[in-house]
Amino acid sequence: MAWFPKKMVVVPIDLSDFSLMALDVALDFVEDASHLHVIHVLREMSPMEPGVVWGEIDDTSRRIHAEEAIRTRLADPKYNGIVIHILFGNPGNQIARYAEQRAADLIVIHSHGRTGAAHLLIGSVAERVVRHAHCPVLVIRD
Amino acid sequence: MKHFRSPHSCRSACLPHPDLSRTSRTSFLAAALALALVLALFARVPADSAPEIVDDVAVALQQTADQQAPAPAGETRIQTVVNRWVEGASNAIFGVLFFDVSGGSFRSTVIDRDSRLPVLDESGNPKTATQALPLLIVVLLFGGIFFTIYYRFVNIRGFRHSIDVVRGRFDKAEDEGEVSHFRALTSALSATVGLGNIAGVAIAVSLGGPGAVFWMLVTAFFGMASKFSCCTLGQMYRQVNADGTISGGPMYYLDRGLAERGGFFKPLGKVLAIAAAIMVMGAAVGGGNLFQANQSYAIVEYVFDLKYQHASAIYGVIAALLVGAVIIGGIKRIGAATSRIVPLMAGVYILGCLVVILSHADKVPGALALIVREAFAADALYGGFIGVLVMGVRRAAFSNEAGIGSAAIAHSAARTNEPVREGIVGLLEPFIDTIVICMMTAIVVIVTGVYDIHGAEKAAIMATAHHAPEGAVLTAVAFGQVVSWFPYILAAAVVLFAYSTMISWCYYGERGWIYLFDHWGGIGLRSVILYRLFFVFCVFVGAVANLGPIIDLSDALLLSMAFPNILGMILLAPLVKKKTDDYFARLRAGKMPVVR
C-alpha cells in the first residue's frame, strides 16, 4: 500500500498482459477499485474500412465492443468496481487530458522503454503523458 | 513502444496468436529476410543472365508512343522526369518477375504492327524474337489449376450456393465481423473492377489478339478456385480486434496459418507474410493507383480532346486531391458513396456495352469463333501461341486479382463464423469481373474491329484525335462508333471506376503497412499517414507518365504478390480442404438453417 491512498488513479491499458501489470501496481495506490479509471484509447478507423463504408461500424459500436472486451479481461473479483473509459484519438494527449479533466491524483502507465533509434521512430506515449500531465506519473518499465 | 494501438483479442475461431507487436529477434530476422527476398526479386537481372527479356507490351506501346504526339513541345519537363523514373523502376522489377522459364525456347517472327509485314534483319531474313514464358504467369496459372483440382471444382459446385449466400439467405446478425456477405463482396469488387476491365482488356485484345480473351476466361475460371482459397483463409486466420473491427488478409493467414503448422513453417510464414505486406503496398501503388490514374486520364484526354500540354498534370493534381480528401482528409461520405455505387456503375457500363454489341449483333457469332480459333492459331503478329497465352493470363490476373490475395483483406471483414462461406462468395469475384465484365469489353472491341486498327486507319485517327488508339482509348473509339455521346458516359464510368479502385486499394496497401509496422512496437496505425501521403503523390505520377512503363510497373508490382501468396496457400491447402469438405457435408445434410 502506498503512503497516501489516492482518490483517483488513471491507468491506460492496451489489453496486453504487461499493461494489466500496471493495473495491479495501481491497485496498491487506492483503497477501493472504484477509484481506478482504466482508459483505453482507440485510433481513428480508415475511411475505407468495409464496416465504415457501409456504416455498420462507428465509434459507438467500437466503444461497446472495447468495453466488453476489457470487462472480460478484468473478470477477476479484485477488479470489481473499476471505471472503464474508451477514448478516441492520440493516446498521449487523450490520457493527459482525461486525467486533467477529472483532476486525477496519479497516472500509472506502462512503458516498453525502448531506446535509441526505436525510440525515435516510435515516440513514446508514456513520454508524452509525462510531459503533458498535470499530476504525478508513475511509469512501469518492462 | 506499443501501447494503445487497437488491442487484439482472439476468439474461438482464431488461434492463439503470437503478439504481433513484440519486436522479437525472430520477427526482426524474418522481416530482414522478407525484405531481402523482395529486394532480390526487384533487383535488376545482370544483363548477361537474361539477355532477351522481350516485353511485348512495352515494345508495342513504346512504338505507338514514339509515333504519338510529334508536336515540337512534346513532353513537358515534369513528364520527362516522371517517365525516366517510372521506366527505371519498371525495368528493374520486370527483369526478374517476368524472367523466361522456357529458357528462350519459344521464338516467333517479328511483325510490324502498322504494315503487318515481317520485320527484316540486316541480311534480309525475317527477324525473330523470343516469346518469354514468364515465371509469374506459370505460377498464377499453376496455382489456379492446382486449387481447382484439389478443392474438387469448388468453382462449379459452389457457384449456386455462392449466389444464395450473397442474397443473404445465410446471414446471421450475431456472427463476428463487420459487414454482410453482399457488402463484403461489393467492397472487394470496388477494388477489383476498374481500368483493368476496360483498358486492360483492350490492351489484351490489341496486343494479344482475340485469342487472348479465351485465355483470360480460362484464367478467370481457374482463378475462382484461387480466390476461394484466399478468401477462406482470410476468414480462418483473421484477427477480431477488441473494438469489433477485423484485421485480415494474406499477411495474417500466411503468418498465423503457417505458424499453426509449426516447426520450419513458422519462420517461413513470417517471411512470406512480411513479403506479402511489402508487396501489397507496391500492388496498391501499381495496379491500384498508377494504372488507374494513367488510363482514366487517357480516356478523359481523348473524349474531351484535351490539347493543353499541362492537362495531364492538372488532372493528376485534381485526382490526387480527390483521393487525398478521402484517405487523408477522412471524408468518409465520399469514400462510402463511391464504394457503394460500384455495382450501379458496372451496370451502366454493361448496358453501354450491350448497346454496342447489339448494334453489331450479326458479328457476335463470328467474334466468339474468332476468340476460340485465335487462342490456338499461333499468329506471329500476336507473338505466337505463347505470346497470346501469356497476354491473356496476365491481363486476367491483373483484372480479377485471383491468386494475388489482396481481396482477402476485404472479404475477411464479412460477418460470418463459417470461413468457407466467404470463400464461396469470393469465387464470384473473378466470375463477375472477368467472365462477365471483361468479356463485355472484349466483345465490344472485337465486333467493332477497333482492336485491329493499323496503318492508314490508325494514322487517320491519330491525325484527328491526336491520340494513339491504345488501351482505354480503344473502348472509347468503339463506343463512339455507335452513339456519338456514348464516350462521355464511358468517360464518366471510367473516372468513377478508377476513383473507387484507387481508394479501395489504398486501404489494402495500408493494411500491409499496418501489419508491417506493428512489428516495430505497434506503430502501424500511428505511422500510416506516411503511406497515404505517398499514395496520393503516386496518383499524380500515374496521370503524368506514359502507358508503356506504367503498365509494366503496375503488372510487376501487383502480380508479384502471387509468389508468397500462392506458395503459402498451397502449404495451407490441406486445412482449407478439410474445412471445405466439412462445410459441404453439413450443407448437404441440411444442417445449415436458411434465414430467408
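Residues numbered from 1 in each chain as written. Chains lettered and ligands numbered in written order. Predicted model: local features only at pLDDT ≥ 70, side-chain atom pairs only at ≥ 80, totals over all residues. Heavy atoms only, no water.

Thoughts on the overall build of chain B
Now for step 1: Across its full length, chain B holds 25 helices and four strands.
Now for step 2: By residue count, 62% of the 596 residues in chain B fall in the buried class.
Now for step 3: Accessible area of chain B: about 21,400 Å², with a carbon and sulfur share of 66%. (Helix = DSSP H or I, 4+ residues; strand = E, 2+ residues; numbered from the N terminus. Buried < 20%, exposed > 50% of the residue type's maximum accessible area, 1.4 Å probe, protein only. Areas by Shrake-Rupley, 256 points an atom, 1.4 Å probe, with all protein chains shown as cover.)

A few points about the overall build of chain A
Now for step 1: Scanning chain A from N- to C-terminus turns up six helices and five strands.
Now for step 2: Evaluated residue by residue, chain A yields a buried proportion of 51% over its 142 residues.
Now for step 3: Here the analysis covers contacts within chain A between residues at least 6 apart in sequence; of these, 76% occur between residues at least 24 apart.
Now for step 4: Here chain A displays about 6,700 Å² of accessible surface, and carbon together with sulfur accounts for 52% of that area. (Contact = heavy atoms within 4.5 Å.)

What about the nonpolar core?
Now for step 1: Counting residues in each nonpolar core, the largest one holds 188 residues, and the members touching the most others are B:Y253, B:I299, B:V323, B:Y508 and B:F535.
Now for step 2: When residues of this core are assigned to their parent elements, the largest contribution, 22 residues, is made by helix α11 (residues 265–303) of chain B.
Now for step 3: With sequence-adjacent residues up to four places away left out, B:Y508 is seen in contact with B:S187, B:A188, B:A191, B:V280, B:E401, B:S406, B:A407, B:I409 and B:A410.
Now for step 4: One finds A:V9, A:F29, A:A66 and A:I140 within the second-largest nonpolar core, a separate group that totals 27 residues. (Core = buried A, V, L, I, M, F, W, Y, C linked by side-chain atoms within 4.5 Å.)

Notes on the packing of aromatic side chains
All names here are of chain B.
Now for step 1: Counted by the stated rule, this structure contains 28 aromatic pairs over all chains.
Now for step 2: Cluster of aromatic residues (ring-pair linked, three or more members): F142, F146, F147, Y150, Y151 and F228.
Now for step 3: The ring centre of F584 lies 4.7 Å from the NZ or CZ of R157, which sits over that ring.
Now for step 4: For the cation-ring pair, R395 lies above F398, with the distance from its terminal atom to the ring centre recorded as 4.7 Å. (Phe/Tyr/Trp six-rings, centres within 6.5 Å; stacked < 30°, edge-to-face > 60°. Lys NZ or Arg CZ within 6 Å of the ring centre and 35° of its normal.)

Digging into the packing of helix α14 (residues 342–359) of chain B against helix α22 (residues 486–517) of chain B
Residue and element names in this part refer to chain B.
Now for step 1: Remark: α14 packs on α22, axes separated minimally by 10 Å, with the N-to-C direction vectors making an angle of 150°. Here α22 runs roughly antiparallel to α14, going by the angle between their axes. In this structure, the crossing between α14 and α22 has a hand that is left-handed. Facing V342, M345, A346, V348, Y349, G352, V355 and V356 of α14, the residues of α22 in contact are F486, I489, L490, A493, L496, F497 and S500. (Axes fitted to C-alpha atoms, helices over the stretch in contact; angles between N-to-C directions. Parallel < 35°, antiparallel > 145°, perpendicular 65-115°, else oblique. Left-handed = near helix turned anticlockwise from the far one by under 90°.)

Brief notes about the interface of chain A and chain B
Now for step 1: If you look at the interface, chain A gives 40 residues, while chain B gives 42 residues.
Now for step 2: In total, about 3,600 Å² of surface goes out of reach between chain A and chain B, with carbon and sulfur atoms giving 64% of it.
Now for step 3: When the buried area of chain A at its contact with chain B is split by residue, A:R43, A:M48 and A:W54 rank highest and sum to 22% of it.
Now for step 4: There are four salt bridges connecting chain A and chain B.
Now for step 5: When the shortest N-O distance is used, the salt bridge between B:R415 and A:E56 registers 2.1 Å.
Now for step 6: Taken together, the links from chain A to chain B amount to nine residue pairs in polar contact (both at pLDDT 80 or more).
Now for step 7: Counting residues per element, the side of chain A that touches chain B draws most heavily on helix α3 (residues 59–73) of chain A, at five residues.
Now for step 8: When the residues that make up the side of chain A that touches chain B are grouped by side-chain class, the tally is 22 nonpolar, 12 polar and six charged. (Buried area = accessible area lost by both parts, 1.4 Å probe. Salt bridge = Lys/Arg side-chain N within 4 Å of Asp/Glu carboxyl O. Polar contact = N/O pair within 3.5 Å; in protein donor to acceptor, adjacent residues only side chain to side chain. Nonpolar A, V, L, I, M, F, W, Y, C, P; charged D, E, K, R; others polar.)

Points about the pairing of strand β4 (residues 106–111) of chain A
Residues and elements named next belong to chain A.
Now for step 1: Counting buried positions along β4 gives six out of six residues, so the element sits mostly inside the fold.
Now for step 2: Of the two faces of β4, the one holding L106, V108 and H110 and the one holding I107, I109 and S111 are both buried throughout.
Now for step 3: Inspection of the sheet shows strand β1 (residues 9–12) paired to β4 by two bridges, in the parallel sense. Residue pairing for β4: V9 is matched across the bridge by L106. (Pairing = 2+ DSSP bridges.)

What about helix α21 (residues 472–482) of chain B?
Owing to its 3.6 residues per turn, the α-helix brings residues three or four apart onto one side.
Now for step 1: In terms of residue burial, α21(B) counts as a mostly covered element, since eight of its 11 residues are buried.
Now for step 2: By the burial criterion, the buried members of α21(B) are B:A472, B:V473, B:L474, B:T475, B:A476, B:V477, B:A478 and B:F479.

Regarding the side chain of B:S190
All names here are of chain B.
Now for step 1: You can see S190 is positioned in helix α7 (residues 181–192).
Now for step 2: On the basis of relative accessible area, S190 is assigned to the buried category, the value being 0%.
Now for step 3: Of note is the side chain of S190, whose polar atom sits 2.7 Å from the side chain of S504.
Now for step 4: Ignoring any residue separated from it by four or fewer positions in sequence, one finds S190 in contact with S339, V342, S500, T501 and S504.

With respect to the environment of A:H85
Residues and elements named next belong to chain A.
Now for step 1: With respect to the secondary-structure elements, H85 resides in strand β3 (residues 83–88).
Now for step 2: Judged by its relative accessible area of 21%, H85 is partly exposed.
Now for step 3: The spacing of H85 and Y98 is 13 residues in sequence and 9.6 Å in space, taken between C-alpha atoms.
Now for step 4: Not counting residues up to four positions away in its chain, the partners in contact with H85 are H37, V38, I39, H40, Y98 and R102.
Now for step 5: Engagement of the side chain of H85 in a polar contact is seen with the side chain of Y98, the distance being 3.3 Å.

Some remarks on a nonpolar patch on the surface
Residue and element names in this part refer to chain B.
Now for step 1: Side chains of F304, L306, I341, L344, V348, W485, Y488, I489 and L496 sit close together on the surface and give an oily, nonpolar patch of about 810 Å² of accessible area.
Now for step 2: Tracing the sequence through the fold places L344 in helix α14.
Now for step 3: Look at L344 and you get exposed, because its relative accessible area is 59%. (Patch = residues over 30% accessible without salt bridge, like charges linked within 9 Å, V, L, I, M, F, W, Y side chains within 5 Å.)

Some words on helix α1 (residues 17–27) of chain A
Now for step 1: Taken together, the buried positions of α1(A) are occupied by A:F18, A:S19, A:L20, A:A22, A:L23, A:A26 and A:L27.
Now for step 2: At its buried positions, α1(A) is contacted by β1, β2 (36–42), α3, β4 and β5 (137–141) of chain A.

Regarding the pattern of salt bridges
Now for step 1: Counted under the stated rule, the structure contains 22 salt bridges over all chains.
Now for step 2: A salt bridge links A:R131 to A:E127; the nearest nitrogen and oxygen atoms lie 3.0 Å apart. Here A:E127 and A:R131 lie together in helix α6 (residues 125–132), a separation of four residues that amounts to about one turn.
Now for step 3: In this structure A:R131 comes out as exposed when scored by relative accessible area, which is 59%.
Now for step 4: Residue B:E418 pairs with B:R586 through a salt bridge whose shortest N-O separation is 2.8 Å. You can see B:E418 sitting in the loop between α17 (407–411) and α18 (419–426) and its partner B:R586 sitting in helix α25 (residues 562–588), a full 168 residues away along the chain.
Now for step 5: Here B:E418 falls in the buried class, since its relative accessible area comes to 18%.
Now for step 6: The class for B:R586 is partly exposed, based on a relative accessible area of 24%.
Now for step 7: A cluster of three or more residues bridged by salt bridges with shared partners is formed by B:R394, B:R395, B:D552 and B:D555.

Concerning the sheet that holds β2(A)
Within a sheet, neighbouring strands are paired by backbone hydrogen bonds and run either parallel or antiparallel to one another.
Residues and elements named next belong to chain A.
Now for step 1: Taken together, the five strands give an open sheet; going across it, the order is β3-β2-β1-β4-β5, and neighbouring strands pair in parallel fashion. Each edge of the sheet is formed by a strand with only one pairing partner; in this case those strands are β3 and β5. With direction set aside, neighbouring strand axes in the sheet form an average angle of 25°.
Now for step 2: Summarising the sheet, β2 and β3 pair through six bridges and their orientation is parallel. The residue bridging I39 from the neighbouring strand is H85, located in β3.
Now for step 3: Of the strands in this sheet, β1, β2, β4 and β5 touch α1, which is tilted by about 150° from β4.
Now for step 4: Where α6 meets the sheet, its contacts fall on β4 and β5, and the angle it forms with β4 comes to roughly 160°.

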